[in-house]
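Per-entry structural report
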Amino acid sequence: MAKGPENRVLPSRADLSMTDTEDEFENLPAEQLPLDSWHRDHGARMVEFAGYEMPIQYEGIVAEHEWTRTRASLFDVSHMGQLMFAAADPGACAAALEALLPADLAHLKPRRVRYSMLLNETGGVLDDLMVTRLPDDSDAQFYMVVNGATKWDDIAHLREHLPDDITMTHLDDWALLALQGPEAAAALEALAPGVSDLGFMQAGSFEWAGGKASIWISRTGYSGEDGFEISIAADRVVAFADALVADERVKPAGLGARDSLRLEAGLPLYGHDLTEETDPVSAGLAFALSKSRHEAGGYMGHAACMVRLEDGGTAQRRVGLALEGRLPAREGAQVFAGDALVGTVTSGGFSPTLGHPIAMATIETEYAGNGTALELEVRGKRLPATVVPMPFVPHRYHRKGA
Amino acid sequence: MPRYFTEEHEWIEVDGDTATIGITDYAQEQLGDVVFVEVPGEGTELAKGKEAAVVESVKAASDVYAPISGTVTEGNSALEEDPALVNTSPEEDGWFFKLTVADAGELEGLMNEAAYRAFCEGL
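Predicted model, so just to flag it, every value in this text is computed and none were measured.

Remarks on the overall build of chain A
Helix and strand counts for chain A stand at eight helices and 20 strands. Over its C-alpha atoms, taken along the principal directions, chain A stretches across nearly 60 × 55 × 45 Å. Sorting the 402 residues of chain A into buried and exposed places 51% on the buried side. Long-range contacts, defined as pairs at least 24 residues apart, comprise 67% of the intrachain contacts of chain A with a sequence gap of at least 6.

Points about the overall build of chain B
Along its length, chain B carries four helices and nine strands. Ordered by position from the N terminus, the helices and strands of chain B form the series β-β-β-α-β-β-β-β-β-α-α-β-α. In summary, chain B has a C-alpha radius of gyration of 13 Å against a globular reference of 14 Å for 123 residues, a match within 12%. Taken along its principal axes, the extent of the C-alpha atoms in chain B is 35 × 35 × 25 Å. Burial statistics for chain B: of 123 residues in total, 46% are counted as buried. For chain B, restricting intrachain contacts to residue pairs at least 6 apart in sequence, the fraction spanning at least 24 positions comes to 61%.

Some details on the nonpolar core
Counting residues in hydrophobic clusters, the biggest one holds 147 residues, and the most contacted among them are L97(A), M144(A), L177(A), L179(A), I217(A), L321(A) and L376(A). With residues up to four places along the chain from it excluded, the contact list for I217(A) reads A192(A), V195(A), A203(A), G204(A), F206(A), F228(A) and I230(A).

Description of the UniProt feature "domain: Lipoyl-binding" (unreviewed entry) in chain B
Residues annotated by UniProt as "domain: Lipoyl-binding" (unreviewed entry) correspond here to residues 18-100 of chain B. Secondary structure content for residues 18-100 of chain B is 18% helix and 42% strand, and the end C-alpha separation is 4 Å.

A short note on unusual backbone geometry
Residues and elements named next belong to chain A. Note that the residue after M390, namely P391, is joined by a cis bond; omega there is 0°. Secondary-structure assignment places P391 in the segment after β20 (381-388). Its identity as a non-glycine residue notwithstanding, A50 has a phi of 55°, on the positive side. Counting through the fold element by element, A50 comes out in the loop between β2 (45-49) and β3 (52-57). A50 sits in the buried class, given 24 other C-beta atoms within 10 Å. Even without glycine at this site, K212 takes up a positive phi of about 50°. Along the chain, the position of K212 falls in the loop between β11 (203-208) and β12 (213-218).

Brief notes about the confidence of the model for chain B
The share of residues in chain B with pLDDT of 70 or more is 100%, and the mean pLDDT across the chain is 95. If you check the scores for this complex, the pTM reads 0.91 and the ipTM reads 0.85.

Digging into the sheet that holds strand β1 (residues 3-5) of chain B
All names here are of chain B. Pairing is antiparallel across the open sheet formed by six strands, whose spatial order is β1-β2-β3-β9-β8-β5. Of all the strands in the sheet, just β1 and β5 (45-46) have a single pairing partner and so form its edges. The pairing of β5 with strand β8 (residues 70-75) spans two bridges and is classified as antiparallel. In the strand pairing of β8, L46 is matched with G70.

Things to note about the pairing of strand β7 (residues 125-133) of chain A
All names here are of chain A. Most of β7 is tucked away, with nine of its nine residues classed as buried. Here strand β6 (residues 113-119) runs beside β7; their pairing, made up of seven bridges, is antiparallel. From the neighbouring strand, L118 faces β7, where its bridge partner is D127. Where β6 folds back onto β7 in an antiparallel hairpin, the turn is made up of five residues, including G123, whose phi is positive at roughly 85°. As paired strands, β7 and strand β8 (residues 142-146) are joined by five bridges and run antiparallel to one another. Each residue of the ladder has a partner; that of R133, found in β8, is F142.

Topic: the packing of helix α2 (residues 61-70) of chain A against helix α7 (residues 255-264) of chain A
All names here are of chain A. Look at α2 against α7: their axes get within 8 Å of each other, and the N-to-C directions meet at 55°. As the angle between them shows, α2 and α7 are arranged oblique. For the pair α2 and α7, the crossing hand works out as right-handed. Touching I61, E64, H65 and T68 of α2 are G256, A257, S260 and L261, all from α7. When grouped by side-chain class, the residues that make up the contact of α2 with α7 number three nonpolar, four polar and one charged.

With respect to the sheet that holds strand β14 (residues 250-252) of chain A
Residue and element names in this part refer to chain A. Taking strand neighbours across the sheet as the criterion, the six strands line up as β11-β12-β13-β10-β4-β14 in an open arrangement whose pairing is mixed. For this open sheet the edge positions go to β11 and β14, each flanked by a neighbour on one side alone. Taking the axes of each pair of neighbouring strands and ignoring which way they run, one obtains an average angle of 30° across the sheet. Here strand β10 (residues 174-180) pairs with strand β13 (residues 227-233) via seven bridges, running antiparallel. Looking at β13, one finds that L177 is bridged to I230.

A few points about the environment of A186(A)
All names here are of chain A. Residue position: A186 is located in helix α5 (residues 184-189). According to the C-beta neighbour criterion, A186 is exposed, with 12 such atoms within 10 Å. In sequence terms A186 and S196 are ten residues apart; their C-alpha atoms lie 7.2 Å from each other.

Calculation rules
Per-chain numbering applies: the sequence of each chain, read as written, is numbered from 1 onward. Here the convention is simple: chains get letters from A, ligands get numbers from 1, in the order in which they are written. Where local features are concerned, this predicted model is filtered to residues with pLDDT of at least 70; where side-chain atom pairs are given and counted, the filter is 80 or more; whole-chain, interface and lining totals use all residues. Secondary structure counts use DSSP, requiring at least four H or I residues in a row for a helix and at least two E residues in a row for a strand, with both numbered from the N terminus. With C-beta atoms placed from the backbone, a residue is buried if 20 or more other C-beta atoms are within 10 Å of its own, exposed if 12 or fewer are, and partly exposed between those counts. Residues are scored as being in contact if the C-beta atoms we place from backbone atoms lie within 7 Å. We take the radius of gyration over the C-alpha atoms and set the globule estimate at 2.2 Å times the residue count to the 0.38 power. By definition, a nonpolar core groups buried Ala, Val, Leu, Ile, Met, Phe, Trp, Tyr and Cys residues that are joined through C-beta atoms within 7 Å. UniProt positions are given in the numbering used here, feature names are shortened, and annotations may be inferred rather than shown by experiment. Note: pLDDT gives the predictor's confidence per residue, expressed from 0 to 100. In this description, strands pair whenever DSSP reports at least two bridges between them. For every element, the axis is a line fit to its C-alpha atoms; helices are fit only across the contacting stretch, and the angle between N-to-C directions ranges from 0 to 180 degrees. Note that the term roughly parallel is reserved for angles under 35 degrees, roughly antiparallel for angles over 145, roughly perpendicular for angles of 65 to 115, and oblique for everything else. Take the far helix as the reference: if the near one is turned anticlockwise from it by less than a right angle, the crossing is left-handed, and if turned clockwise, right-handed. Residues are grouped as follows: nonpolar covers Ala, Val, Leu, Ile, Met, Phe, Trp, Tyr, Cys and Pro; charged covers Asp, Glu, Lys and Arg; every other residue, Gly included, is treated as polar.

Okay, here's the thing in structure tokens:
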């Protein structure tokens with residue numbers, strides 16, 4: 001097989017799509033996360049990702065993917081950045097963050113989670129993130145989870161632009177787990193009673209009686225399934241992971257399945273489907289620009305975003321593509337309409353659920369309508385592809401009252 | 001029939017002047033679930049060390065380079081229908097292609113099975 005730069009086994013043409021954002025870390029030794037030994041003890045194959053050694057798979061990506069869609073899988077996402085924001089005046093904290101995020105944080109209720117992003121002046125996406133308003137009796141007002149590969153840049157950006165009276169704390173001694181799948185609620189309820197009462201995009205503090213620990217749990221995730229993200233002190237996470245997988249409904253899953261699941265769910269991955277060169281409108285994420293802030297604005301990138309909204313669209317759109325056959329088109333594959341180059345694949349792979357390859361691509365808006373027939377070029381071959389709505393596989397979130 | 005192995009995790013079984021080439025069980029284990037295999041067509045001239053085939057797993061595409069030079073006599077058409085043969089039977093039914101051996105000298109220095117298994121143990 002091919003020889004890679006380090007003569008590793010089976011180097012890839014386009015390595016796992018997530019890994020090229022790690023370029024900036026390649027000169028630093030990869031750090032170890034709190035569950036490092038736990039992963040190895042459970043048979044994980046470890047790879048370097050976002051500056052950390054992380055599990056890419058245990059028994060196999062397809063098996064872990066299917067287990068997540070039918071049962072419940074435990075993912076370690078402790079590489080992500082967990083940040084807390086506090087101010088003496090709680091209103092000042094919301095106002096300060098609203099200068100950098102397009103979300104309506106002033107009216108966000110306690111224990112509610114919003115998808116949002118950090119934008120630059122031209123409306124380019126610096127990162128996408130989840131932000132939660134903490135309960136009124138908390139020491140801080142907001143909790144934010146940002147991408148692992150971008151967290152140091154995010155922290156620098158926030159420190160530069162937030163007023164001095166906002167205290168930002170990086171919870172680098174807290175682990176973050178995701179438990180995803182239709183049996184996640186029942187499995188987690190056994191350890192943290194009451195958690196199944198949360199609705200999608202709600203969060204709260206729970207007691208893990210067996211481990212005498214307080215944990216922060218959000219009913220969120222990145223698989224398209226019902227599930228939770230669990231923040232727990234690093235020195236308690238091994239015992240908690242043990243308790244979770246002691247339940248026969250729960251198995252560990254790696255980054256490989258996380259990527260194939262989020263792709264099927266139509267969820268963009270920062271560094272690939274979203275970059276500083278993309279904006280929320282062309283990325284199909286205009287819902288993250290809170291309507292209540294369209295007019296008044298007051299956040300970085302607002303003017304640039306409004307121009308795109310009001311002009312009735314953008315020159316390019318992020319779309320989903322369904323391919324025939326079995327040959328996947330990976331990130332970077334060119335998209336053609338006849339002889340015309342009309343776009344580029346931003347992530348792509350084989351869908352275990354659908355049994356055929358799927359992809360996300362940025363393409364010229366003229367060709368972005370559902371049902372448009374296009375071609376993708378892979379190693380000199382043209383593969384037929386059709387624009388289809390996303391998600392590719394329906395979401396099964398636990399929406400209260402739904 | 002003698003079977004040779006490379007450090008790049010290919011096996012080569014030689015029968016007279018014909019060789020059958022595939023990837024090893026160790027290789028398929030590292031690749032994970034194979035979803036597509038592109039094998040060279042009959043008549044393709046392969047030079048040692050040049051791209052010969054591509055394996056697509058769920059996570060990525062990987063190149064397979066020709067371990068020896070020769071002319072392809074057959075690609076394994078069963079892999080079109082059932083690429084998972086590479087996972088289930090990598091060293092038998094999941095072979096990639098057959099070629100006529102251009103230079104038997106290129107086989108010198110390749111590992112035998114025992115040496116290859118020992119090589120894998122050390123990885």
